[in-house]
Amino acid sequence: MLLKDEFIGEDFFSRWKWETFDDPTHGRTNYVDQEIAKKNNLSYASDTKFVMRADSFSTVPQDARGRDSVRISSYDAYADSVIVLDLAHMPEGCGTWPAFWTLSHKGPWPNGGEIDIVEGVNLNQANLASLHTTPSCTMPQNRDQTGFSTSTNCDSSVNYNQGCGASFAKPASYGNPFNAQGGGWFVMARTPEDGIRIWFWSRNDPNVPPEICDSDSQDGPSDLTPSPSWGRPEASFPLGDNCDYDSHFDAHSMVFDLTFCGDWAGSAYPNSGCGGNCVDFVNNNNEAFSEAYWEINSLRVYTPA
């Protein structure tokens, strides 16, 4: 596949949509626009970095929509593709629910599907990759992956929209351990023939392919195709009779967001080791969100010639 788009630094201001609607996952979150994010230092960029973060300076009034945060989506959409995210830091901490994911540009959700590439909550240390679809899409329990299958029915209308997921086995794939290693690389590839696959390498992994780690320079490779040298993916979602590709997945936009509490982080909070009430914690502990930020080195998308 050939390099179609790359996003570094200021590109996220000029080529992504800044979304301010109510959080559809019912989080204690106030998504702000680009102007406010820049003004309040919630987002900034250099020639080599892009940062977007939660407000860690203010307590949240009871009558507010939630803690200020950022959600952005790409204007462009991609079908068959390889997406390479070089990430230096992801949001971490109690009450947090960050995600990097793709969803149908056409919609409405869940039509056209959703692919969660990076996702977790609270103090989680293992990344969870998932699909959420319309009915008639399931996955075998045993798949060609190094991660662990957590659920097999991708249909968003069952199991409280759990989707079909795989929890990563490699260390340092999420949260504080990920950040302590200086981040790493997530790669998602999707084609009808090979399904949807997601790889991960931590920053200091000696097995990261050179074509992946070389892409953290300002001039990444001009073509990229998954290779056996990459090893088995952390998550694999084979498509075919179990889940028809064309009827469940179309061209997807990419999304970064950071919400708090809500449907997953809120429901998981009592057993997270965080203590207290999730909404109260988010409202009153602004300093606890100093590590709740995305720091992106680069994002590249490769598509068929």
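Residues numbered from 1 in each chain as written. Predicted model: local features only at pLDDT ≥ 70, side-chain atom pairs only at ≥ 80, totals over all residues. Heavy atoms only, no water.

- The protein chain is annotated in an unreviewed UniProt entry as GH16 domain-containing protein from Somion occarium.

## Comments concerning the pattern of salt bridges
- Overall, the coordinates contain twelve salt bridges when judged by the stated rule.
- Where Arg 65 meets Asp 22, a salt bridge forms, and the shortest distance between an N and an O atom there is 2.7 Å. With Arg 65 in the loop between strand 5 (50-53) and strand 6 (67-69) and Asp 22 in the loop between strand 2 (16-18) and strand 3 (29-31), the pair connects residues that are 43 residues apart, well separated along the chain.
- Residues joined by salt bridges that share partners form a network here, namely Lys 4, Asp 5, Asp 11 and Arg 15. (Salt bridge = Lys/Arg side-chain N within 4 Å of Asp/Glu carboxyl O. Helix = DSSP H or I, 4+ residues; strand = E, 2+ residues; numbered from the N terminus.)

## Focus: the environment of Thr 191
- As for its position among the elements, Thr 191 is in strand 14 (residues 184-191).
- Here the alpha-carbon distance between Thr 191 and Asp 80, two residues 111 residues apart in the chain, equals 5.1 Å.
- For Thr 191, the contacting residues outside a window of four places in its chain are Met 1, Asp 80 and Tyr 245. (Contact = heavy atoms within 4.5 Å.)

## Comments concerning the environment of Pro 61
- In this fold, Pro 61 is placed in the loop between strand 5 and strand 6.
- For the pair formed by Pro 61 and Ile 115, sequence separation is 54 residues and the distance between their alpha carbons is 34 Å.

## Considering the sheet that holds strand 2
- The strand order across the open sheet built from eight strands is 2-7-17-9-10-11-13-12, with neighbouring strands paired in antiparallel fashion. Of all strands in the sheet, those with a lone pairing partner are strand 2 and strand 12 (148-149), marking the two edges.
- In this sheet, strand 13 (residues 164-167) lies alongside strand 12 in antiparallel orientation, the contact comprising two bridges. Each residue of the ladder has a partner; that of Phe 148, found in strand 13, is Ser 167. (Pairing = 2+ DSSP bridges.)

## As for the environment of Ile 8
- By the secondary structure assignment, Ile 8 is in the loop between strand 1 (2-7) and helix 1 (11-14).
- For the pair Ile 8 and Pro 233, spaced 225 residues apart in the sequence, the C-alpha separation amounts to 25 Å.

## Comments concerning the nonpolar core
- Within the largest apolar cluster, 60 residues are counted, with the highest numbers of intra-cluster contacts made by Phe 100, Phe 256 and Leu 299.
- Not counting residues within four places of it along the chain, the set of residues in contact with Phe 256 comprises Phe 12, Trp 16, Met 52, Val 70, Arg 71, Ile 72, Leu 85, Ala 99, Phe 100, Trp 294, Ile 296 and Leu 299.
- Core analysis: the next-biggest nonpolar cluster, separate from the first, contains twelve residues, Val 82, Trp 199, Leu 224 and Tyr 302 among them. (Core = buried A, V, L, I, M, F, W, Y, C linked by side-chain atoms within 4.5 Å. Buried < 20%, exposed > 50% of the residue type's maximum accessible area, 1.4 Å probe, protein only.)

## Description of unusual backbone geometry
- Of the consecutive residues Gly 107 and Pro 108, the connecting peptide bond is found in the cis state with omega at -10°.
- When you line up the elements, Pro 108 lands in the loop between strand 9 (96-104) and strand 10 (114-119).
- With omega at 10°, the peptide bond leading from Trp 109 into Pro 110 counts as cis.
- In this fold, Pro 110 is placed in the loop between strand 9 and strand 10.
- Located in the positive-phi region is Asn 41, a residue other than glycine, with phi close to 60°.
- Position of Asn 41 among the secondary structure elements: in the loop between helix 2 (34-39) and strand 4 (43-45).

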